[in-house]
Amino acid sequence: MNEHNQANFEAKIEADIFIEPKDWMPDAYRKNLIRQIGQHAHSEIIGMLPEANWLTRAPTLRRKAILLAKIQDEAGHGLYLYSAAETLGCTRQDIYQKLLDEKMKYSSIFNYPSLSWADIGVIGWLVDGAAIVNQVALCRASYGPYARAMVKICKEESFHQRQGYEAVMALAAGTNEQKAMLQDAINRFWWPVLMMFGPNDADSPHSAQSMAWKIKRFSNDELRQKFVDNTVPQVEALGMSIPDADLIWDETIGHYRFGEIDWAEFYQVIKGNGICNTERLAAKRKGWEDGAWVREGAMAHSHKQKAMKSA
Ligand code: ACO
């Protein structure tokens, strides 16, 4: 029976037929998806924090309305992803608790502070830009609920990326002070954004199996390269520069070559020792505790409704 199930599963993967929640799947496939989708969901909601830091200081009402809508979109992305993870048999409460207990990760990028208004433009443009490169590929992930959640998320991320670029275009056309603020934001975010794609392929423990299962369609290095190739011309169009002395267009391969990422920094950040790790988790723990009365109220309401129905 198990051999038949395994063969059936592999045939579906081979034929690019989505695996659906009620289909048989290997335990390791299920576990790997809960890990990745759960981390992805956590990233969406932790990612609200650096942007929320600028909500009350957005320079105009228009910028504030856009930023508010964008942050709400990120909450929605987190909710689709928690729902997708739940279709695999985990509970939202369990994986959320694992985030609070530092037993599950979230994206390294959100452990960097948002120090200036230019950072908010750069987060939309570069951080969400990197997220799209990764997530467009995930629209074809082999697990149906994850792939379908990605389609809507990508549409919204694409709007986020464009609004970010529009915000940085305004700064790039502004005063010398605004240009310097933008350059400073690019300098601080460039390398951490490249780290979002994960370790180099040779050092990525999950990649080979995730590629075989078609959860990942492209490797970490392939997606990072795609992002660099897309983004360098955008930086040039702004009249800004990239903080990488080794960055060069290589005509023979048709790609940019870029310098070595500081992997020691990456591993420190994902171990919990980044600039904002403690602050981010403290904010989430406080939110969870402060929201206890809402959960209790919702449960009490639900029990009352059930009691009324059965009476
Ligand atoms: N930040 C934090 N942890 C990371 C990062 C990162 N940027 N990159 C890799 N890691 C972790 C992995 O989660 C894994 O840790 P684990 O075994 O404890 O789970 C370890 O480093 C080794 O990495 P890989 O073997 O390369 O892991 P994986 O195959 O999962 O690839 C990747 C990492 C590319 C991030 C993948 O999980 C993915 O595509 N996730 C979905 C996209 C996502 O989460 N985006 C979040 C940011 S976008 C946004 O929210 C706006």
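Notes on the structure in this doc start here. (Residues numbered from 1 in each chain as written. Predicted model: local features only at pLDDT ≥ 70, side-chain atom pairs only at ≥ 80, totals over all residues. Heavy atoms only, no water.)

1. Digging into the overall build of the protein chain
- A tally of regular secondary structure across the protein chain gives 13 helices and 2 strands.
- Taking 2.2 N^0.38 as the reference for a compact globule, 311 residues should give roughly 19 Å; the C-alpha atoms of the protein chain span a radius of gyration of 21 Å, in line with that estimate.
- C-alpha atoms of the protein chain, sized along the principal axes, occupy 70 × 50 × 35 Å.
- Buried residues in the protein chain amount to 48% of all 311 residues.
- Look at the contacts in the protein chain between residues 6 or more apart in sequence, and 76% of them connect residues 24 or more apart.
- When the accessible surface of the protein chain is summed, it comes to about 15,900 Å², and 58% of that surface belongs to carbon and sulfur atoms.
- For the protein chain, the centre of its 36 positive side-chain charges and the centre of its 39 negative side-chain charges are spaced 8 Å apart. (Helix = DSSP H or I, 4+ residues; strand = E, 2+ residues; numbered from the N terminus. Rg over C-alpha atoms; globule rule 2.2 N^0.38 Å. Buried < 20%, exposed > 50% of the residue type's maximum accessible area, 1.4 Å probe, protein only. Contact = heavy atoms within 4.5 Å. Areas by Shrake-Rupley, 256 points an atom, 1.4 Å probe, with all protein chains shown as cover. Lys, Arg positive; Asp, Glu negative; His and termini not counted. Charge placed at Lys NZ, Arg CZ, Asp CG, Glu CD.)

2. Focus: the layout of surface pockets
- Taken as a whole, the largest pocket spans an internal volume of roughly 1,000 Å³.
- As for the largest pocket, its lining consists of 43 residues, and the residues nearest its centre are Gln39, Ser107, Asn134, Met196 and Gly198.
- Contributions of two or more residues to the lining of the largest pocket are made by α2 (27–46), α4 (61–86), α6 (117–138), α7 (144–172), α10 (220–237) and α11 (263–273).
- Residue contributions to the lining of the largest pocket peak at 9 residues, all from α6.
- Looking at the lining of the largest pocket residue by residue, the class counts come to 20 nonpolar, 13 polar and 10 charged.
- Lining the second largest pocket we find 18 residues, and of these Glu102, Lys103, Met104, Lys105 and Ile270 sit closest to its centre.
- Those elements giving two or more residues to the lining of the second largest pocket turn out to be α2, α11 and α12 (277–290). (1 Å grid on protein atoms, 1.4 Å probe; cavity = no way out; pocket = protein on both sides within 12 Å on 5 of 7 lines; lining within 4 Å. Points joined across faces, edges and corners; volume = space filled by probe spheres on them. Nonpolar A, V, L, I, M, F, W, Y, C, P; charged D, E, K, R; others polar.)

3. Thoughts on the nonpolar core
- Counting 79 residues, the largest nonpolar core has Tyr29, Ile37, Val122, Trp125, Tyr143, Tyr146 and Phe227 as its most contacted members.
- Per-element accounting of this core gives the leading share, 12 residues, to α6.
- Contacts of isoleucine 37, omitting those with residues within four sequence positions, involve Leu81, Ala84, Ala85, Leu88, Tyr143 and Tyr146. (Core = buried A, V, L, I, M, F, W, Y, C linked by side-chain atoms within 4.5 Å.)

4. Topic: the environment of lysine 309
- Mapped onto the elements, lysine 309 comes out in helix α13 (residues 292–310).
- Expressed as a C-alpha distance, the spacing of lysine 309 and arginine 140, which sit 169 residues apart in the sequence, is 42 Å.

5. Observations regarding the pattern of salt bridges
- In total, this model carries 19 salt bridges according to the counting rule given.
- Across the salt bridge formed by arginine 148 and glutamate 20, the nearest N and O atoms sit 2.8 Å from each other. With arginine 148 in helix α7 and glutamate 20 in the loop between α1 (2–14) and α2, this residue pair connects regions lying 128 residues apart in the sequence.
- The residue lysine 70 makes a salt bridge to glutamate 51 at a minimum N-O spacing of 2.8 Å. Within this pair, whereas lysine 70 is found in helix α4, its partner glutamate 51 is found in helix α3 (residues 48–52), the two being separated by 19 residues in sequence. Taken individually, lysine 70 and glutamate 51 each receive the classification buried, so the pair is uniform in this respect. (Salt bridge = Lys/Arg side-chain N within 4 Å of Asp/Glu carboxyl O.)

6. A closer look at helix α8 (residues 176–195)
- A rise of 1.5 Å per residue sets the reference length of α8, with its 20 residues, at 28 Å; its end C-alpha atoms lie 30 Å apart and thus fit the reference within 8%.
- At phenylalanine 189, α8 is bent by approximately 35°, the largest bend along its length, and proline proline 192 sits one to four residues beyond.
- Of all the positions in α8, only Leu182, Gln183, Ala185, Ile186, Phe189, Trp190, Trp191, Pro192, Val193, Leu194 and Met195 are classed as buried. (Expected span 1.5 Å × (residues − 1). Bend = angle between axes of the 7 residues up to and from the residue.)

7. Comments concerning unusual backbone geometry
- For aspartate 16, which is not a glycine, the phi torsion comes out positive at approximately 60°.
- Among the secondary structure elements, aspartate 16 is positioned in the loop between α1 and α2.
- Judged by relative accessible area, which is 48%, aspartate 16 ranks as partly exposed.
- Of note in the backbone geometry, lysine 214 takes a positive phi value of approximately 60° without being a glycine.
- Among the structural elements, lysine 214 can be located in the loop between α9 (207–212) and α10.
- Taking relative accessible area as the criterion, lysine 214 reaches 19% and is therefore assigned buried.

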